[in-house]
Amino acid sequence: MRGKDAQPFVFWIGILLLVVLLGTLAGGSVALRGESAPTPTPPPLPTATVAANAPGPLLSDSRGFVAVPGGAAAAELRRETDPAPISTLRGQGFIGGVSGTGRRVAYWVSNTADGATRELRVFDVTAPDQDTTLATVLDTERGATAVWSSDRTGIVAVVESGARTRTGEAPAPFSALRVVDTPTRSIHEIRG
């Protein structure tokens, strides 16, 4: 009877020894055959602290933004450091984009009584007197947005169906992507 009671006890002692052995192996580092013994990690080298350069001014006279003071008001160009406008764009509101250099602004202007944006213009900050028209769209279309290309030689313009025709019929809904080459003012439709 006594031998029969000892078997489970020996079994559990064996399991306990196996768990302790596995815990020791897992916790310690053991070099397996074919591997080199682990080397201690070198302590981190002290780093020299470099004095941080004082950052430049947060706002600059050389940068600005397009501000729209109200829904019916013309968009204004302002410097970051001065709330007074340096120039005012034509039309009402602002639908357009600024070039990557921030020097030119392409925008749609409403030149009709119905308020549809039909004229794509470019304003050059360095030559404010040369606000020029690049393209116009048909009476049944309106400009929806304009984005400069990364090389600043073209503008992708989105055109949508807009006002009613002269007969009073609503135009069929559509939208198109058109590329306006700024040096030549040629227009190519990408997708219609």
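No experiment lies behind these values; they were computed from the predicted model shown.

S.K.: Please provide a residue-by-residue account of the overall build of the chain, values included.
M.R.: The number of helices and strands found in the chain is one helix and eleven strands. In the chain, the succession of α and β elements from N to C terminus is α-β-β-β-β-β-β-β-β-β-β-β. Going through the 192 residues of the chain one by one, you find that 23% of them count as buried.

S.K.: Help me get a handle on the side chain of Glu119, residues and values and all.
M.R.: Its location among the elements puts Glu119 in strand β6 (residues 117-124). By relative accessible area, which is 12% here, Glu119 ends up buried. There is a polar contact of 2.5 Å between the side chain of Glu119 and the side chain of Arg121. Of note is the side chain of Glu119, whose polar atom sits 2.5 Å from the side chain of Thr133.

S.K.: Break down the sheet that holds strand β1 (residues 64-67) for me, citing the residues and quoting the values.
M.R.: Taken together, the three strands give an open sheet; going across it, the order is β1-β2-β3, and neighbouring strands pair in antiparallel fashion. A single partner strand is all that each edge strand has here, and the edge strands are β1 and β3 (82-88). Averaged over all adjacent pairs, the angle separating strand axes in this sheet is 35°, with direction ignored. The pairing of β1 with strand β2 (residues 76-79) spans four bridges and is antiparallel. Looking at β2, one finds that Val66 is bridged to Leu77.

S.K.: How would you sum up the packing of aromatic side chains? Please name residues and give values.
M.R.: One pass over the structure, following the stated rule, counts one aromatic pair. Arranged with centres 5.3 Å apart and planes meeting at 75°, the rings of Phe11 and Trp12 form a pair that is edge-to-face. For Phe11, a relative accessible area of 49% gives the class partly exposed.

S.K.: I'd love a proper account of the environment of Tyr107, names of residues and values included.
M.R.: Structurally, the position occupied by Tyr107 is in strand β5 (residues 104-110). Distance in space between the C-alpha atoms of Tyr107 and Leu120 is 5.7 Å, their sequence separation being 13 residues. If we skip the residues at most four places from it in the chain, Tyr107 touches Leu89, Arg90, Phe94, Ile95, Gly96, Glu119, Leu120, Arg121, Phe123 and Asp131. Of note is the side chain of Tyr107, whose polar atom sits 3.4 Å from the backbone nitrogen of Arg90.

S.K.: Residue-level account of the nonpolar core, with values.
M.R.: Counting residues in hydrophobic clusters, the biggest one holds 13 residues, and the most contacted among them are Ala106, Trp108, Leu120, Val122, Ala146 and Ile155. Sorting the residues of this core by element identifies β5, β6, β7 (132-136), β8 (141-148) and β9 (154-161) as the ones contributing at least two each. It is β9 that contributes the most residues to this core, three residues altogether. Excluding residues that lie within four positions of it along the chain, Val122 makes contacts with Arg104, Val105, Ala106, Gln130, Asp131, Thr132, Leu134, Trp148 and Ile155. Among the nonpolar cores identified, the runner-up in size contains seven residues, and Ala75, Leu77, Leu89 and Tyr107 belong to it.

Rules and cut-offs
Residues numbered from 1 in each chain as written. Predicted model: local features only at pLDDT ≥ 70, side-chain atom pairs only at ≥ 80, totals over all residues. Heavy atoms only, no water. Helix = DSSP H or I, 4+ residues; strand = E, 2+ residues; numbered from the N terminus. Buried < 20%, exposed > 50% of the residue type's maximum accessible area, 1.4 Å probe, protein only. Polar contact = N/O pair within 3.5 Å; in protein donor to acceptor, adjacent residues only side chain to side chain. Pairing = 2+ DSSP bridges. Axes fitted to C-alpha atoms, helices over the stretch in contact; angles between N-to-C directions. Phe/Tyr/Trp six-rings, centres within 6.5 Å; stacked < 30°, edge-to-face > 60°. Contact = heavy atoms within 4.5 Å. Core = buried A, V, L, I, M, F, W, Y, C linked by side-chain atoms within 4.5 Å.

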